[in-house]
Protein chains: 2
Amino acid sequence: MPRFPAQPQKGFSDYFPDVLRAFRHVERQLHRTAALFGYEEYDGPTLEPLEIYAAKSGEELVREQAYVVRDKGGRELALRPEMTPTLARMVAQVQKSAPRPIRWYSIPTCFRFERPQRGRVREFGQANVDILGTPSCDAELEIFFLIRHFMENLGANRGHYRIRYSSRRYLDGLLAQVVGVPEDRTVEVRKMIDRRDKLAPVEFEKWVREAFPEGPVADRLLRLHEFTDPAAPPLADVPAAFRESEGYRELVEFHERVRQTGLDAVAVFDPTIVRGLDYYTGIVYEVHDAGTENRRALFGGGRYDNLLELFSNEPMTGTGFGMGILTVKLFLETYGLLPADVGRPPRDGAVYVACLSPAQRGYAFSVAERLRGRGVPCELDLDFAKLGRQLQRAEAKGYARVAIVGEDEAREGKVTLKTLAGGAQETVGLDDLPARLGSPGHRPDRAAG
Amino acid sequence: MPRFPAQPQKGFSDYFPDVLRAFRHVERQLHRTAALFGYEEYDGPTLEPLEIYAAKSGEELVREQAYVVRDKGGRELALRPEMTPTLARMVAQVQKSAPRPIRWYSIPTCFRFERPQRGRVREFGQANVDILGTPSCDAELEIFFLIRHFMENLGANRGHYRIRYSSRRYLDGLLAQVVGVPEDRTVEVRKMIDRRDKLAPVEFEKWVREAFPEGPVADRLLRLHEFTDPAAPPLADVPAAFRESEGYRELVEFHERVRQTGLDAVAVFDPTIVRGLDYYTGIVYEVHDAGTENRRALFGGGRYDNLLELFSNEPMTGTGFGMGILTVKLFLETYGLLPADVGRPPRDGAVYVACLSPAQRGYAFSVAERLRGRGVPCELDLDFAKLGRQLQRAEAKGYARVAIVGEDEAREGKVTLKTLAGGAQETVGLDDLPARLGSPGHRPDRAAG
């Protein structure tokens, strides 16, 4: 028996090439979208001081979920559970010099000790896209455009997903001034609303009624999810003070802009969107599967006004989102949106070089190198087996064409080019080979642009 | 005063966009080279059980250098100090089904607690390229071709770097049968030779003479680095038994193939190449700066025959290398081989959209989205400042062209397209804009192929 299991630790993943390609597909579309919007990629340390997460992300996340390393100096470092504190730290270093707004993105690996389940693992890639230095909600509009563009790049349309938005400031005002939640219970109620999606309606109702057994608060809370226009909360007595509050005006204005720019095709106001993290202060948003297959939010984000305060005396506002690569991959699988060939190695334009005997080894290497030099991907068979065996291997590896090298070919500076499907073959001189194979620089069907 | 410093922990790095681009440049060339050679990318967990490193990489590496996390189940996990044990574990899962040879690569983040210095940090990206299942040294030849191709992609030629190779089996035989090192001191002497490059010659000599104060061993060890042909050790009495050993025959044959395939232009035999890791069994190799600026090896690798034994009952031989992305970046800087514009955001074909007033916001967003839909990267100014200010910002962000949107433009479905250098401007209709900007699908100078 081997000494150790071949499987990874629970909650951790092996990414074999066929699996990794699906993740890379999602990441590539994000890189592409980010570039189209002028966002620049950054990265930071996987390990940061534990305190910066405790100070900003909420105690629960850190104490229950962090992987903690004590370095040789005795300092407690956490494997980052999220990227935003690192972003804040880095922005604090350049906030005086960088042209605003700062448009940055990253795809860090993050770690949380959670119970593994569908879409939730202990180590995960999480894209982060942020725009800092623009106080107006045009920044949120841009982020929504970016999300839509990204989803379209992935092949998703308005039938597949929905951006749902609300505002922390609006909700707090609504709870205090309209629903009548006592100030010291705001945080508790926010959390209840945040978890509403994860509970059956009867369970949620039971919970609310137990929390507010007397007065009208429970009834009002239970009607919260019913309205779709932030200017029209479904409650009889909405005081003027609420309508004049910053949270109200900001969200109503944003709602209007979403409509004006046509984003309402994919984005809807949803008063139950709260976001769990403590640092959000303004408009918050999530992206959800429009169906019921994937209940976890695909993206989550919001506006933060005070994020830099741990690292800088100068405040800087920003908004941005995190997006789980795995979550998006599962979403694409649900709707059949992953490219059909994502599981197979890309062998477009590639060729397998079969070599009949060790005596032609040097020639076979030089054929392969010449092809690669012209941009033709090229894999060399290295065990000089019978030709049939080598052709089988080429097929198993996904190649459509094989360049066969034997004694005659080596002597004459040629190869026998064989197409596996159909079996047609021809002898081609080395100089003509790249053009014959349609290398990137010589693809006949691309000649006209 | 802010509560926390804005700087990362000692030995850890913030990758601001201008810095990250240089790392990505190195990685991109590796992805490109790997694809040309038919290598597929894989990835694995950042955390693995501590024991698998202790069992395979040598005690020192693990006890002194590993960052250790105790998970909630009490198990000790290490942040991977290297990728090879993970590779072995993963290969063990697919060794029966995957077509051979397995050609895989990865660019994992690894962690070692070391004293930070030039080229050495505590968290680092390390490319790993391996070929498994081919016992012959043609696998090593392929790896050397791949290294040369990669270096050429980076702009490095034979004047910049050297591949140095030897063999563990050969060296052990040489030490035992030719130099006369007692078997129980082989490991100690291997380590001395491995560290030779890091010491001044007098220091090394002192060390060797103290270790072997009597007999001819010290003198012989001090002459070891002098020879360049493995078939001709510079010692009078080379016994026939050594010349018949597997280690000797294998290395001499490999040396000859390197010559035959022309790889000797960049690769030389060097008997002092040992490699520190315990799992190497055959041919080992390093890539070094041909000059003196960068003393650390750029790449290091070798043949391992027993790597899978921790996870599988079936042995599988392989060879491969690790390569520090930072080390290669420093090498490129030394020789001025980083692209001149790597520090600046790529704005090729991109356009900045300036919007003169909030009333045209919706139109400005739609202009930007239309351009992006045609593949034109497009950044939108979001604060409606005076035009001059917006143009300055466009320039600071590296844009060459600005699409200006005001009342007239919005009404007429046009933009004013301004070239910042020179200041020429013209009015262009939205439909003509992508072609006018030379979007990827419509670049006039590409039309002919």
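For the structure, see preceding data.
Residues numbered from 1 in each chain as written. Chains lettered and ligands numbered in written order. Predicted model: local features only at pLDDT ≥ 70, side-chain atom pairs only at ≥ 80, totals over all residues. Heavy atoms only, no water.

A. The arrangement of the overall build of chain A in detail. Of regular secondary structure, chain A possesses 16 helices and 17 strands. Against the 2.2 N^0.38 benchmark of 22 Å for 449 residues, chain A shows a C-alpha radius of gyration of 28 Å, more extended than a compact globule. Along the first, second and third principal axes, the C-alpha set of chain A runs to 95 × 55 × 50 Å. Excluding contacts between residues fewer than 6 apart, the proportion of contacts in chain A whose partners are at least 24 apart in sequence is 70%. For chain A, the accessible area works out to roughly 18,600 Å², and carbon and sulfur atoms hold 47% of it. Distance from the positive charge centre (63 side chains) to the negative charge centre (65 side chains) of chain A: 4 Å. (Helix = DSSP H or I, 4+ residues; strand = E, 2+ residues; numbered from the N terminus. Rg over C-alpha atoms; globule rule 2.2 N^0.38 Å. Contact = heavy atoms within 4.5 Å. Areas by Shrake-Rupley, 256 points an atom, 1.4 Å probe, with all protein chains shown as cover. Lys, Arg positive; Asp, Glu negative; His and termini not counted. Charge placed at Lys NZ, Arg CZ, Asp CG, Glu CD.)

B. Main features of the side chain of B:D71. With respect to the element layout, B:D71 can be found in the loop between β3 (68–70) and β4 (76–79). Polar contacts involving the side chain of B:D71 include one to the main-chain amide nitrogen of B:G73, which spans 2.8 Å. Sequence-distant contacts of B:D71, defined by excluding residues within four places in its chain, comprise A:Y67, A:F113 and B:L77. (Polar contact = N/O pair within 3.5 Å; in protein donor to acceptor, adjacent residues only side chain to side chain.)

C. Structural context of the pattern of salt bridges. Residue and element names in this part refer to chain A. Per the stated rule, a full pass over the model turns up 72 salt bridges over all chains. R80 serves as the salt-bridge partner of D43, at 3.7 Å between the closest nitrogen and oxygen. With D43 in the loop between β1 (40–41) and β2 (47–49) and R80 in the loop between β4 (76–79) and α4 (84–94), this residue pair connects regions lying 37 residues apart in the sequence. Using a relative accessible area of 19% as the deciding quantity, one classes D43 as buried. (Salt bridge = Lys/Arg side-chain N within 4 Å of Asp/Glu carboxyl O. Buried < 20%, exposed > 50% of the residue type's maximum accessible area, 1.4 Å probe, protein only.)

D. Quick peek at the interface of chain A and chain B. Taken together, the contacts link 99 residues of chain A with 99 residues of chain B. Both sides of the chain A and chain B interface together cover about 8,000 Å² of buried area, and 59% of this is carbon and sulfur. Measuring nitrogen to oxygen at the nearest pair gives 2.8 Å for the salt bridge that ties A:E41 to B:R24. If you tally residues by element for the side of chain A that touches chain B, the top one is helix α5 (residues 138–153) of chain A, at seven residues. Here the side of chain A that touches chain B is composed, by residue class, of 52 nonpolar, 17 polar and 30 charged. (Buried area = accessible area lost by both parts, 1.4 Å probe. Nonpolar A, V, L, I, M, F, W, Y, C, P; charged D, E, K, R; others polar.)

E. Layout of the relation of the copies chain A and chain B. Note on the copies: chain A fits chain B at an RMSD of 0.1 Å, the axial shift is 0.0 Å, and the rotation between them is 180°. Expressed as an axis order, the relation between the two copies is that of a two-fold axis. (Least-squares fit on C-alpha atoms with pLDDT ≥ 70 in both.)

F. Spatial organisation of helix α13 (residues 361–373) of chain B. Residues and elements named next belong to chain B. Taking 1.5 Å of rise per residue, 13 residues should cover 18 Å, and α13 covers 18 Å from first to last C-alpha, within 8% of that figure. Residues of α13 that are buried include every one of R361, Y363, A364, F365, V367, A368, E369, L371 and R372, and no others. The first or second residue beyond α13 is G375, which carries a positive phi of 85°. (Expected span 1.5 Å × (residues − 1).)

G. Fine view of the sheet that holds strand β14 (residues 378–380) of chain B. Residues and elements named next belong to chain B. Read from one edge of the open sheet, five strands run β14-β13-β15-β16-β17, paired in mixed fashion. Strands with a single pairing partner mark the edges of an open sheet, and in this sheet they are β14 and β17 (425–429). In this sheet, adjacent strand axes meet at a mean angle of 30° when their direction is disregarded. Where strand β13 (residues 351–355) lies against strand β15 (residues 401–405), four bridges are found, and the strand directions are parallel. Its bridge partner lying in β15, Y352 is registered against V402. In this fold α13 packs onto β13, β14, β15 and β16 (414–419), with an angle of close to 165° to the strand it touches most, β14. (Pairing = 2+ DSSP bridges. Axes fitted to C-alpha atoms, helices over the stretch in contact; angles between N-to-C directions.)

H. Up close: the side chain of B:R190. Residue and element names in this part refer to chain B. Mapped onto the secondary structure, R190 falls in helix α7 (residues 186–195). Here the side chain of R190 touches D172 through a polar contact of 3.0 Å, side chain to side chain. Here R190 is in contact with R168, L171, D172 and V274, once residues within four sequence places are set aside.

I. Fine view of the packing of aromatic side chains. As enumerated under the stated definition, the model contains 42 aromatic pairs over all chains in all. Ring centres of A:W104 and B:F16 lie 5.9 Å apart, and the angle between their planes is 65°; this geometry places the pair in the edge-to-face category. Here B:F16 lies in the segment before α1 (17–36) and A:W104 lies in strand β5 (residues 102–106), a pairing that spans two chains. Here the two residues A:W104 and B:F16 agree in accessibility, since each one is buried. The lysine or arginine in question, B:R196, covers the ring of B:F204, its NZ or CZ lying 5.8 Å from the ring centre. Here the guanidinium or amino end of B:R372 rests over the ring plane of A:F37, the centre of that ring lying 3.5 Å away. (Phe/Tyr/Trp six-rings, centres within 6.5 Å; stacked < 30°, edge-to-face > 60°. Lys NZ or Arg CZ within 6 Å of the ring centre and 35° of its normal.)

J. Spotlight on unusual backbone geometry. Each neighbour pair has its own omega, and for A:R100 with A:P101 the value is -10°, a cis peptide bond. Relative to the elements of secondary structure, A:P101 occurs in the loop between α4 and β5. The phi angle at B:F384 is positive, at roughly 55°, despite the residue not being glycine. Assignment of secondary structure puts B:F384 in the loop between β14 and α14 (387–396).

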